[in-house]
Each structure stands twice: as structure tokens, then as C-alpha cells.
Amino acid sequence: MGVNPLAKFKLGASWVHSITVFCGFALFYAIVFFPAIGGDRMLAFDDGILYFLPAYNAPPTLWTDLVFGGYPVAADPQNMTWYPVAALLRWIPGSWNGFFGLGYVLAACFAYCYAYTLTRSRLASVVAGLVYSLTGSLMSHMSVMGMIHAAAWIPLLICALERLCQPPQRRWIAIGLIATVCCVLGGHPQVSAYGLGLGLFYALWRGGDAAIGRWAYYRTAAGILAIGLGICAIQLIPAIELSQLSVRAALTAAEFFTGSLPRWQLLQYIFPYLFGSDSALVPYRLPYWGQDANIVDIATYVGVLPLLLAAIGQVAARRGQRRSIGRFWLTIAIVSFILTMGRYAALAQLIYHVPIYKAFRIPARYSLVLGLAVSVLASYGVAAIQQRRVATRVLRRTIGASCGIMLGAIAVLAWKTPEFQSRARAAGIPDLTFWPWENAAVAVPLISFMVGLVAIVAWYRWPRSPRTIVGLLAVLTFDLGSFSFWFYDLAAISPRSAQLDPHPIAQKYQPILAQTQQRLIVERGIFAATRRLAPGTTPAGPFPNLTRLWQLPVINGYSPLILARLSQLIGLTYAGEFPAATIADDNRGLDLMAVRHLWGQPNGLLPTRTEGLNWAAADLPIVLGTGVTPSVELELPRTEPPTTAIALVTTLGNAVTLPDNTAVLEIQAIDQDGTIETHPLYTGRDTAEQAYDCPDIRPQMQHRRAPVFKTTPIARPGVGLCPLHQYQTIVELDRPRHLRQLRLQWRTPLAGSITVPQISLWDSQSQTALPITQIAASRKWHSVESFADGILYENHQALPRTWLVPQIRPLPPDAILKTIQTSRLPNGDVFQPEKLALVETVDRDNPLWAAPTASWTGAAQVMTSTETQVEIETTTATPAFLVLSDVNYPGWQATIDGQMTPIVPTNYVQRGVPVPAGKHIIRFVFQPFSLRLGSGITILSLLAATHWLCRRPPRPRTQSPTLKLKVESRSL
């Protein structure tokens, strides 16, 4: 028989239909994001530029030593190393904007595909695509590309599972596998888990009605999910290994429930910006004052008009398959709604005990699943009206019920207004009102609701009129866009590509650090980018992870899966921040990690603000006086605007006998041109004894009490409660100065000391203050170069990338960590990492346990270094121990002159190898077993998928003539 021409025509029409849908949604999102595309701008906001853009543009690799002192980037799912879409597009120069928009286009297209499978209505499918891709959870996470791309494939997986209810088709098995693989590799494990869990429940629900039979359908669905996960093993197994070693190995209940939507905030389902926003742009001007830190994580808006259409669709789906699927999505919507409340709902609290799901925080992200459910039910509503399956009375009752719900929401808002106003005042928002003509967060949803009712009624009356159809889609877009795109000033928040050019620090010091094989640390981590990326501002220094593109090695970075040991050693958070204790003189953590330079921000380490002045979060370690250090010099960044006054917080100790108006401290302010201006600090006027008001001290005081900055009560034996004071004073300069140095000198020979925990440079004209941080008073950190946006310091105690020591000592991990951070061994001796390595394994036969000889000498030099291999040459007259300052991680293997040798965990996070006497070549190679295992499973799964798709489908079994006769006789 010849090929049916009609079949070819249908196949061609199907492809034309698909291409038309893709082009339509691509055009729509090109219009939505157009303001940010022109003018050499990039669609990269917050995490987009701080994490996903560097990961997308950096060359794919298994390991990088450019962040965290070494990090398995391919094991981190959010780097999207194995995501097919990213793997293809990243080879196209300047393709970031296309990759950004493609996530939303795919989400809309695949939601369209599923809705069209159910309704066979193009209009209903367009509505489903718009609702899902514009849902608040997706649009609020524009900065998290992994979340968008992982979510995009969920409706395609559901569509494949639906199509497979009919006799199996290879095409839909292949599509189901592709959807599963891309959902998992898309770059967001939490969304992937939600998507695969949803697919599992959908398959269990639909199996009972499958035309191919329940168990045949279950086998097919299970095969898709199992083989799809097997194909992803190349990502999953290394990611599991990394997660077990990271700070996310286990979430506490408090961390898990971060981002829960409280019951009193449920009104944001109707009024999405009722509790403020993160934007100061029109029409929403109030800052966010809700329960959690920001609205991005708890954005739950799915639109007012989609909810109305979903209600119509649920009422209309009364029989057959529509009823079953409608009930499923209604159940999913209700359960997702409850789960978004997290700690505030008993059902959601059970999720904390469910394997896999308990590893993810921010329960409000279940609103993504809710958005998909609403989009499906809304498409049912549109199809029902379009096919005349909705009676007029049903429409009237549904509209009446929706009006009642809206009036109820308004009544609750009126009832809760005093409570809301009290919460807003506590967040610094006085005089909050909810009148629609004064608050756009109330007015816009009301307008969307009323216009939506008119659009539905008009379309119901004239369902085939192009005007009413266009009006319905326009109102739907307005409704959903009222939360997302149309109030964003994308052109203002999108950085230009020129802003990503290497900072002068990177241009100048990258060659230096490449030569010395050492590293840099950025004082505020990724938050160093805040001023750099703001429109119209100057760069604020190099910041991780963008330094990967500049080949600038930094010790901090940005990753939710930062290794736990490195985080503990130098106090790193997942955002790359670190406490002031990390740069203390006695803390050898950064020294061991070969951190030679520190980029200091002008505003210091997380400044605090009191009485109009900025103060550093950590106190300065400055104590001057008789019998202690007599003076200290502080290197300052160039101040802009110039300094007009110096604010100090001080306190005296053992100074009870100092007379009033005694000059105890001399301040020398040194200008950029070397001019010195001197000012003394006096007892009584500027500072005083810290125990001034203690009952046993007050009668002996010989000077007045200065203006108090802060009081800390303590209990003293035999005395009772004793208030200890710190005092604040402001020293006015003769004229505005660009200071480069401060010298503090103890003046009086009498007994006593002065502590100076805080210093801030004040400009009276601009009313701004620059706090001086701990690093300025450090003995080992010295300023090298000042820039307009910060200052570069050099660490004079930084060790090289690799070195030899003559002795090792075994200690428990906790003791090793404490020793490094205090520079004191458990026996009280000074820890010198240049001469001693701390290890966790015990080998008493190793000669290095013995004390080294006085004549010991040795040298180590890095010969070659790539991302996955380091080659070192050592020369030593006696056995020694090689320390490599890179992070120790499973998968690194070492050889000495080609012979395998074990790697010894050293100095809590580093790699160590015993080296025999003589000249040798030590080579470290990254060959993780987890990757090999995952690759093997992936290959086997691909072979299984190929066999499954290529095998001939079994032929239907035919009945024998005898059996057929028996069946016919029974029927007669």
C-alpha cells in the first residue's frame, strides 16, 4: 500500500502549528523584555548576574580554582553544565538574552501543548500558556534562570504522560524522556523535585483510566521517569556527593520554613502588592513590610481573571475524562495552596519529614505548581465557554460567587486594617492606607477584576468575535502583568555589558596573582556588586562569581552548596560574606589559603547606623595605654566626599585617678598631601572610665562622665549590677580633608588605657559617614593601593599556593579548626603553618612525627596548573610533607613520579602528601568516582532508552478460529 497523502499533510500541519505557537510566544516575550534588550543591555538581575551569567559564560569545566579555593562546578546543578539547552546556546556569542527569554517561551509553549491535548482549543491553550509563564512565582524569579528553565519542562512531561494513556507512541515516550532530563538538568533541584513529584502523582491518577490498560501505562510512566533520572545520573550523583559535604547537608526546621506564607498574608493571592514590593517604581511605591525578607520568595499571584476562568472550568468539567483531570488539578491546587503556608499549616509541616523534599526551603515556591494547576483549569473554562458547555445561569452563579469572594476579601482587609497599619509602622511605614484611590496595590487588582468580568461577559455573548477574543487576552495579560513585567523598569535595572568588563583591580592584579599562584578575597562577597550594578554609579570592585570570567582567583564566591569545612574555616556564607574575625591577626585561615590581597569596600563590613552615624559591625582591636601598645596607625581609603570630622567611640580602663580635662589620646589626621592636623581627646569631655557608674568605682572618680554611646550591664561578685559605658565624641577638622592615615598616640604617662572600638569619618555637607574597619588596624594587612570605590590590602603572612613542612601533627578536626583560628596549639604553643601541618590521620611509623632537624631545607614549586590538574616539583634533603592550599575534595588523586600515593586531609580543608627526600614531581589530578559512576549510569540509560525507542512495538494478539467461535456462541 502507498503512503496516505493525508497523513503527510497532517504531520506537516502539526509542525506548522507548533512553529506558529513558538513564534507567537517568542514575539510576545520579545515585546515584554524589549526595554531591556536594546542599548547593549543584558537581562540579568541579582542572582542572574551574580551567579547564572558567570556560570553560563564561563568555559564548561569539572573543577575551577577561581572561587572557594577550588570548587566542583560541574557537580553544582545550578551551573547547568549538563543542561542541553545551555550547552548548545553558550557556544553562540552574546546568546544570554536569548537563553533568558527562551525559558519563558518554552514554559508557555509546553503549557499550550498540554492544554491543547486536553481541550483541542487554541484559544484555551494560549490562555494556559500565558497564565503559566506569567505566574507570579516564575516572573518574580527572573533572576534565577535555573528555576525558570526547570519549570518550563514540567507541563511537557505532564503532556507526555497524558498522551501515553492511548496506545504507546515512540514520539511521546521520547518527549517524556526529554522533558524529564531537561527538567532535572535545568538548574534548580527544588523545582525539578516538584515537577517529577507532580508527574508521578499525575501518572498514578491517570493510570486507572488509561486506554492501554492500567499496568501497561504504569510500566511506561515508570520507565520514562526511571530512565530519565538514569540519564541525569552524570549530574545527580556528583550533586548528591557535593550536597552531603556542603552547608546544605541538612536543613534545620527554621531554615526549611524560611519563605512560608503566613495566614494573615493570604490576601496577596488577590492583592499581590498589598504588603509592599521591592521596587520603588510606579505604581507601587511602598517597600515590602510582610513576614519574610522580600516578596520574591513568597510571590504567589496567579491572577484574578485566571481564577475566575478556572472556577468556570471546574464547574464545566462534570463528566468523563474532563471531570477526572479537573478533579486532579483542583486537588493539586488546593494542596499547593496549603503547602505555600509552610510552618503555618499542619500539612506543610509534614513535608519537612519527607525525604528529598525536606532538603528544600521556601515552601511558598509551591505556588509554581499552583500556577500550573490554575492555568489548566482556566483553559478548561475557556474551552467550555467556547464550546457552549456553560449555561448562562452557571456563568451568573460563578460571577456572583467571585464577586462575593472579592467583597469578602475587601471586608477582611477593612477588618485587618488596624493590624496591618501596626505592622507597617513597625517596618518604618507610617500612615498606611488601603483606599483604592490612595493605594495602587488595592486599586489595580480591583480594576483587573472588574474589567475581567466585562471581558468574560462580552466574550461569552460573542465567542467568535475577534474583538472580544483580543479583549479577553489583553485583560488577561494586563492582570498577570500587573504583578510582573509592566511595572518593572527593565531598562533601569538591566546592566550594560560594559559594566561587566574587568575592574581595574582585575586588570592590574590578575597577572600578579597568576604568577604567584595566590588569591584575593572581596570584603562583602557578592554584595560588593551593589553599587557597581546600580545605574549611573561607578564600579564597586571585583566581586564573585564574575571574577571567573576575568580569570581572577578569589577565595569567596556565591553558591548555596558552598563546602561546609571551608565555610567553617573562614566564616564564609553562601553569599561570600565573612565576619571580621576572619581577618584578625591571629586567624591563619586566609594565610593557609594563600589569600594575598583583600579588596576593602568603603562602607566596611556590614555597617550599622546609630544617631545618624555609620559604624562598622565589628569593633576595632585598638587598645592603647601605659604598659600596652602606645600608638597605632590606620591606613584609610580615599574618602569621597572629603572628611570634615572624625567620630570616635572610646572608653578608659583603670583610669579612675586621671584628673578632669587630662589629654589621654592624640589624634593625627594625615591628608593625602602629607599635611598633619592634630587633636587631643580629654577626660570628662570626650571619654571617661568604663566603670564610671559602678557602685564601688563612682565615689573614687576624679573626672566627669563623657556623653555615653552605649551601656552594657554586667554582674560583679560582691558589687552587684555594674554598668559599663562606651563614650562618643566628634572631632571637628579645621577644613575638609581627603585623609589617607590616622595615628592614635597615648599621651599621659599615668596609669590607664584607652580602647577605641569604633571610628567613623564624617562629612557634614553630605551627611555621610565612612566607618573604619578592623583591617585598618591590623598588623598583617597593609594598604597597597586606593581607588575611588575602595582600597586594596596585602596580607604579609599569606603562604604560597604550595609549600613543604618538616613536621606533621595529628589532631581531631575540631582541634585543628580552633588551632588555625587562634594560632595556638592545644598545648599552648604558637601554631606556625610554615613549619607544621595538622592532619587528621595517624601513622606513627611516619618519620615526620619526630621533631625536625635544625638544618632542614626544602622547596616546592608549581610547574603547571590547569582546572583539573596541578603539577608540583619538590626538592628536599630529608623526608618532608607537601601542603597544597587548594580545597581537598573527593576525586582528587595524587602521584609521586607516576606512582599513586594517598592524599592526607591537611589543615582542615587542604591536601597533603608525604614526600621522600630528593627531587620529585607530584601531580594532582581530578578524576572523581562519582562522575565516573554517574557517566556509566547515564550511558547505560541512554542505551536503554535507545533500545526502548527502536524496538518494534508488539503486535496485537489475534484470536484463533476455535476461540473466536466459542466467544461468538457465548454472545449468542
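Rules used throughout
Residues numbered from 1 in each chain as written. Predicted model: local features only at pLDDT ≥ 70, side-chain atom pairs only at ≥ 80, totals over all residues. Heavy atoms only, no water. Helix = DSSP H or I, 4+ residues; strand = E, 2+ residues; numbered from the N terminus. Buried < 20%, exposed > 50% of the residue type's maximum accessible area, 1.4 Å probe, protein only. Areas by Shrake-Rupley, 256 points an atom, 1.4 Å probe, with all protein chains shown as cover. Pairing = 2+ DSSP bridges. Axes fitted to C-alpha atoms, helices over the stretch in contact; angles between N-to-C directions. Phe/Tyr/Trp six-rings, centres within 6.5 Å; stacked < 30°, edge-to-face > 60°. Lys NZ or Arg CZ within 6 Å of the ring centre and 35° of its normal. Contact = heavy atoms within 4.5 Å. Parallel < 35°, antiparallel > 145°, perpendicular 65-115°, else oblique. Left-handed = near helix turned anticlockwise from the far one by under 90°. Nonpolar A, V, L, I, M, F, W, Y, C, P; charged D, E, K, R; others polar. Core = buried A, V, L, I, M, F, W, Y, C linked by side-chain atoms within 4.5 Å. Salt bridge = Lys/Arg side-chain N within 4 Å of Asp/Glu carboxyl O. Disulfide = S-S within 2.5 Å. Patch = residues over 30% accessible without salt bridge, like charges linked within 9 Å, V, L, I, M, F, W, Y side chains within 5 Å.

Trainee: Give me the lowdown on the overall build of the protein chain, citing residues and values where you can.
Mentor: When you go through the protein chain residue by residue, the secondary structure sums to 29 helices and 27 strands. Here the protein chain holds 972 residues, and 55% of them are scored as buried. When the accessible surface of the protein chain is totalled, it reaches about 41300 Å², and 60% of it is carbon and sulfur.

Trainee: Talk me through the sheet that holds strand 20 (residues 858-866); I want residue IDs and the actual numbers.
Mentor: Taking strand neighbours across the sheet as the criterion, the 5 strands line up as 20-21-27-23-24 in an open arrangement whose pairing is antiparallel. The open sheet terminates on both sides in strands that have one partner only, identified here as strand 20 and strand 24 (899-901). Going across the sheet, the axis of each strand differs from the next one's by a mean of 25 degrees, ignoring polarity. Direction of pairing for strand 23 (residues 892-896) relative to strand 27 (residues 918-926): antiparallel, over a ladder of 5 bridges. Bridging from a neighbouring strand, T895 pairs with R923 of strand 27.

Trainee: Can you explain the sheet that holds strand 6 (residues 631-635)? Please cite residues and give values.
Mentor: In spatial order, the strands read 6-12-8-9; together these 4 strands make up an open sheet with antiparallel pairing. The sheet is open, and its two borders are formed by strand 6 and strand 9 (676-682), each paired with just one other strand. Going from strand to strand, the sheet's axes swing by 15 degrees on average, the running direction of each strand aside. Relative to strand 12 (residues 739-746), strand 8 (residues 663-671) runs antiparallel, the two being bridged by 7 bridges. The residue bridging D671 from the neighbouring strand is L739, located in strand 12.

Trainee: Run through the packing of aromatic side chains, naming residues and quoting values.
Mentor: Following the criterion strictly, the structure yields 46 aromatic pairs and no others. Ring geometry for F25 versus Y112: centroids 6.3 Å apart, planes at 75 degrees, classification edge-to-face. Within this pair, whereas F25 is found in helix 1 (residues 5-32), its partner Y112 is found in helix 5 (residues 96-119), the two being separated by 87 residues in sequence. A single burial state applies to F25 and to Y112, both of which are buried. An aromatic cluster is present here, built from F28, Y29, F33, F100 and Y104 joined pairwise through their rings. Note that K416 overlies the ring of W415, its terminal NZ or CZ placed 4.8 Å from the centroid. The ring of W264 has R423 lying over it, and the distance from NZ or CZ to the ring centre is 3.9 Å.

Trainee: Please set out the pairing of strand 14 (residues 768-771) residue by residue, giving values where relevant.
Mentor: Relative to strand 14, strand 13 (residues 753-763) runs antiparallel, the two being bridged by 4 bridges. Within the sheet, the bridge partner assigned to L761 lies in strand 14 and is L770. If you look at the hairpin formed by strand 13 and strand 14, you'll find 4 residues sitting between the two strands, and Q767 has a positive phi there, around 55 degrees.

Trainee: Residue-level account of the environment of L66, with values.
Mentor: Topologically, L66 is positioned in the loop between helix 3 (47-57) and helix 4 (84-89). Residues contacting L66, with those up to four places away along its chain left out, are T547, R548, Q551, L552, P553 and V554.

Trainee: Break down the packing of helix 20 (residues 440-461) against helix 21 (residues 466-481) for me, citing the residues and quoting the values.
Mentor: In the contact formed by helix 20 and helix 21, the axes pass within 9 Å of each other and the chain directions differ by 160 degrees. In terms of orientation, helix 20 and helix 21 fall into the roughly antiparallel class. In the packing of helix 20 onto helix 21, the handedness of the crossing is left-handed. For the pair formed by helix 20 and helix 21, the contact residues are S448, V451, G452, A455, I456, A458 and W459 on the first element and T468, I469, G471, L472, V475, F478 and D479 on the second. A breakdown of the residues in the contact of helix 20 with helix 21 according to their chemical character gives 9 nonpolar, 4 polar and 1 charged.

Trainee: Before we move on, can you summarise the nonpolar core with the specific residues and values?
Mentor: Core analysis: the biggest nonpolar cluster contains 256 residues, and W153, W329 and F924 have the highest contact counts within it. Sort the elements by how many residues they give to this core and helix 5 lands first, with 16 residues. Aside from chain neighbours lying at most four places away, what touches W329 is Y114, I158, L198, Y202, L372, A373, V376 and L377. One finds L620, L634, V731 and I772 within the second-largest nonpolar core, a separate group that totals 30 residues.

Trainee: How would you summarise the pattern of salt bridges if you had to cite specific residues and measurements?
Mentor: The full count for this structure, using the stated rule, is 25 salt bridges. For D886, the salt bridge identified is with R801, shortest N-O distance 2.5 Å. Here R801 lies in the loop between strand 16 (790-795) and strand 17 (802-805) and D886 lies in strand 22 (residues 880-887), a separation of 85 residues in the sequence. You'll find D886 and R801 in the same group, each marked buried. The structure contains a network of salt bridges with shared partners spanning D65, R519, R801 and D886.

Trainee: An account of the packing of helix 5 against helix 8 (residues 145-152) is requested, with residue identities and associated values reported.
Mentor: Between helix 5 and helix 8, the shortest axis-to-axis distance is 8 Å and the interhelical angle comes to 30 degrees. When you trace helix 5 past helix 8, the crossing you get is left-handed. Judged by residue contacts, W96, F99, F100, L102, G103, Y104, L106, A107 and F110 of helix 5 engage M145, I148, H149 and A152 from helix 8. When its residues are assigned to classes, the contact of helix 5 with helix 8 shows 11 nonpolar, 2 polar and no charged.

Trainee: Could you give an account of the state of the cysteines, with specific residues and numbers?
Mentor: Enumeration according to the criterion identifies 1 disulfide in this entry. Disulfide pairing places C694 opposite C722 at an S-S distance of 1.4 Å. Taken together, the residues span a long stretch of sequence, with C694 in the loop between strand 9 and strand 10 (708-716) and C722 in strand 11 (residues 720-737) at a distance of 28 residues. Comparing C694 with C722, the two get one shared label, buried.

Trainee: Quick rundown of the side chain of S823? Include the residues and the values.
Mentor: Tracing the backbone shows S823 in the loop between helix 27 (813-822) and strand 19 (836-839). Taking the relative accessible area as the measure of exposure, S823 reaches 9% and is therefore buried.

Trainee: An account of a nonpolar patch on the surface is requested, with residue identities and associated values reported.
Mentor: A cluster of nonpolar residues, I447, M450, V451 and F478, forms a patch on the protein surface that exposes about 350 Å² of accessible area. Per-element tally for the nonpolar patch: the top contributor is helix 20, with 3 residues. By the element assignment, M450 lies in helix 20.

Trainee: I'd love a proper account of unusual backbone geometry, names of residues and values included.
Mentor: A positive phi angle is found at F68, which is not glycine, with a value near 60 degrees. Look at F68 and you get buried, because its relative accessible area is 2%. Despite not being glycine, Q551 shows a phi value in the positive range, around 60 degrees.

Geometric values such as these leave the question of function open.
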